[in-house]
Amino acid sequence: MPDPERQLFTTKSKKMTQLIVLSAIGSDRTGMVQDITEVILNCGGNIEESRMTTLGNEFAMLMLVSGNWHTLNRLEKGLEKLDDGDLTFTIRKTGERKVKEDRMPYAVDVVSLDHEGIVFSLANFFASHNIEIADVATRSYPAAHTGAQMFAVQMAVNVPSSIHIAQLREEFLELSDRLNLDAILEPVKS
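What you see is a predicted model, and the numbers here were worked out from it, not measured in a lab.

**Student:** An account of the overall build of the protein chain is requested, with residue identities and associated values reported.
**Tutor:** Secondary structure assignment for the protein chain yields 5 helices and 8 strands. What you see for the protein chain is a C-alpha radius of gyration of 21 Å, clearly larger than the 16 Å of a compact globule of 190 residues, by over 25%. Structurally, the protein chain occupies a C-alpha span of about 55 × 50 × 25 Å along its principal axes. For the protein chain, buried positions account for 31% of its 190 residues. Expressed as a percentage of contacts within the protein chain between residues at least 6 apart in sequence, the contacts between residues at least 24 apart total 69%. For the protein chain, the exposed surface amounts to about 12,800 Å²; the carbon and sulfur share of it is 52%. If you average the places of the 19 positive and of the 27 negative side-chain charges in the protein chain, the two averages end up 9 Å apart.

Structure (structure tokens):
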């Protein structure tokens, strides 16, 4: 039988947890991740999710940080000390994401010769079908043998259960053919 006192403590501690979205952009340098994550740790924060990458000569970081109500204030002060005039930080309180139970997770993988409008066309297709885009990663690279500029897109999308999947796949393949994309739309297997 669950201990009611322990359940009350767990419920209270969950309510006291704050979620903070932190973004950082600045010139890429060795040690930036270490510096920022040390500030988060010293402020009583915990990294729940993160994305970090180098874009050109810039480093970009996006994190979901949890902590108590003191964490936000301490985090702002701690990050100010890191700002050497080249770093830009944005901190915003947020809440837990509501899970939509009527959605099915799908993965999208696209590869093609690089040309304008690929990401827009994919985003437009999914928006027109009321499909939520949960995550997007893109990159361009030279093809192995020819050196031609290639473009790759990986997406995580959430498809409403009311959508007829066979029809969606057919329309997605038509779009892919029209744009000359090598593309896959498949369910995420847990």
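Resuming the write-up.
**Student:** Pulling in residues and values, what's your account of the sheet that holds strand β7 (residues 149-160)?
**Tutor:** Strand order in this open sheet of 4 strands is β6-β7-β5-β8, and the pairing throughout is antiparallel. The strands lining the two open edges of the sheet, one partner per strand, are β6 (132-142) and β8 (182-187). Here the strands of the sheet are splayed against their neighbours by 10° on average, with no regard to which way each runs. Examined bridge by bridge, strand β5 (residues 103-113) and β7 share 11 bridges and lie antiparallel to one another. Directly across from Arg-103, in β7, lies its bridge partner Pro-160. The strands touched by helix α4 (residues 118-128) within the sheet are β5, β6 and β7, with β7 carrying the most contacts at an inclination of about 15°. Where helix α5 (residues 165-179) meets the sheet, it contacts β5, β7 and β8, and its direction lies at approximately 165° from that of β8.

**Student:** Requested: an account of the sheet that holds strand β4 (residues 88-94), with residues and values cited.
**Tutor:** The strand order β2-β3-β1-β4 describes an open sheet built from 4 strands, whose pairing is antiparallel. Looking along the sheet, the strands with just one partner apiece sit at the ends: β2 (46-55) and β4. With strand direction ignored, the average angle separating the axes of adjacent strands in the sheet is 10°. Where strand β1 (residues 18-27) meets strand β3 (residues 58-67), 10 bridges bridge the pair, whose relative direction is antiparallel. Its bridge partner being in β3, Gly-26 is matched across the sheet by Phe-59.

Thresholds applied
- Residues numbered from 1 in each chain as written.
- Predicted model: local features only at pLDDT ≥ 70, side-chain atom pairs only at ≥ 80, totals over all residues.
- Heavy atoms only, no water.
- Helix = DSSP H or I, 4+ residues; strand = E, 2+ residues; numbered from the N terminus.
- Rg over C-alpha atoms; globule rule 2.2 N^0.38 Å.
- Buried < 20%, exposed > 50% of the residue type's maximum accessible area, 1.4 Å probe, protein only.
- Contact = heavy atoms within 4.5 Å.
- Areas by Shrake-Rupley, 256 points an atom, 1.4 Å probe, with all protein chains shown as cover.
- Lys, Arg positive; Asp, Glu negative; His and termini not counted.
- Charge placed at Lys NZ, Arg CZ, Asp CG, Glu CD.
- Pairing = 2+ DSSP bridges.
- Axes fitted to C-alpha atoms, helices over the stretch in contact; angles between N-to-C directions.

The analysis is restricted to geometry; functional conclusions fall outside its scope.
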